[in-house]
Amino acid sequence: MSIEQIVGLCLALLVMGVGILGSLLPAVPSTPLVLAGAVAHRLYFAEASVGNFVLVLLLGITLFSLGIDYLATMLGARKLGATWRGILGAVVGAGVGLFFSLPGIILGPFIGAFLFEMVGGRKFDEAARAGVGALLGLLAGALGKMACGLAMMGVFTGDVIYRSMGESGEMLAAIVFRMTG
């Protein structure tokens, strides 16, 4: 692996790391940014980068993670009684919470869901339960996206290193395969 390839891999991993952080921050794209780092690496390094199969796999994981995020938020909020207003409030609250650092990111979805439910005519305890459900759903979705992003980084890194090893990588794979199988 050349110095240029090592620097390129480090830059791609840096972009992917920002994507992982984006799992916790609603305004920063998470797994799409991880995918973008892999695609940019492939465009620059061509055959010395990830293969087509891995890119398709990363795209699939990206779509899966976005679906998990959406479903976790919906199910968490619905499970504890939120209406569409509570879910909308959680999303708005998360966006506003970004301006108030970590406490805002954590409390924003709860406050947003709670307020939107109260405005919609729900009782205090129903609105509070909906807020808790929205918050738990958003947190579960964030953890799911983070896990998917970490898996994507691992697959990307492993494939780039394997492909950069050339024939020695194929020999190493054959040795490992014989030892395990």
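Residues numbered from 1 in each chain as written. Predicted model: local features only at pLDDT ≥ 70, side-chain atom pairs only at ≥ 80, totals over all residues. Heavy atoms only, no water.

Some points on the side chain of Asp159
- Within the secondary structure, Asp159 sits in helix α6 (residues 124-164).
- We note that Asp159 is buried and unpaired, the nearest opposite charge coming from Arg163 at a distance of 4.2 Å. (Helix = DSSP H or I, 4+ residues; strand = E, 2+ residues; numbered from the N terminus. Buried < 20%, exposed > 50% of the residue type's maximum accessible area, 1.4 Å probe, protein only. Lys, Arg positive; Asp, Glu negative; His and termini not counted. Salt bridge = Lys/Arg side-chain N within 4 Å of Asp/Glu carboxyl O.)

Brief notes about the packing of aromatic side chains
- This structure, assessed with the given rule, holds three aromatic pairs.
- Taken together, a centroid distance of 6.1 Å and an interplanar angle of 15° make the contact between Phe110 and Phe114 stacked. Of the two residues, Phe110 and Phe114 both sit in helix α5 (residues 101-119), four residues apart, roughly one turn of that helix.
- Exposure remark for Phe114: the relative accessible area of 15% places this residue in the buried category.
- Pairing Phe114 with Phe124 gives two aromatic rings, centres 5.2 Å apart and planes at 80°, and the pair type is edge-to-face. (Phe/Tyr/Trp six-rings, centres within 6.5 Å; stacked < 30°, edge-to-face > 60°.)

A look at the nonpolar core
- The biggest cluster of nonpolar side chains holds 17 residues, and the ones touching the most others in it are Met16, Val34, Ala38, Val50, Leu58, Met152 and Phe156.
- At the level of elements, α1 (3-21), α2 (31-45), α3 (52-79) and α6 are the ones that each hand at least two residues to this core.
- Examining the composition of this core, we find that five residues originate from one element, α6, more than from any other.
- Setting aside chain neighbours within four positions, we find Val50 in contact with Ala38, Arg42, Leu55, Phe156, Asp159, Val160 and Arg163.
- Ranked by size, the runner-up nonpolar core spans nine residues in total, among them Ala82, Ile87, Ala90 and Ala94. (Core = buried A, V, L, I, M, F, W, Y, C linked by side-chain atoms within 4.5 Å. Contact = heavy atoms within 4.5 Å.)

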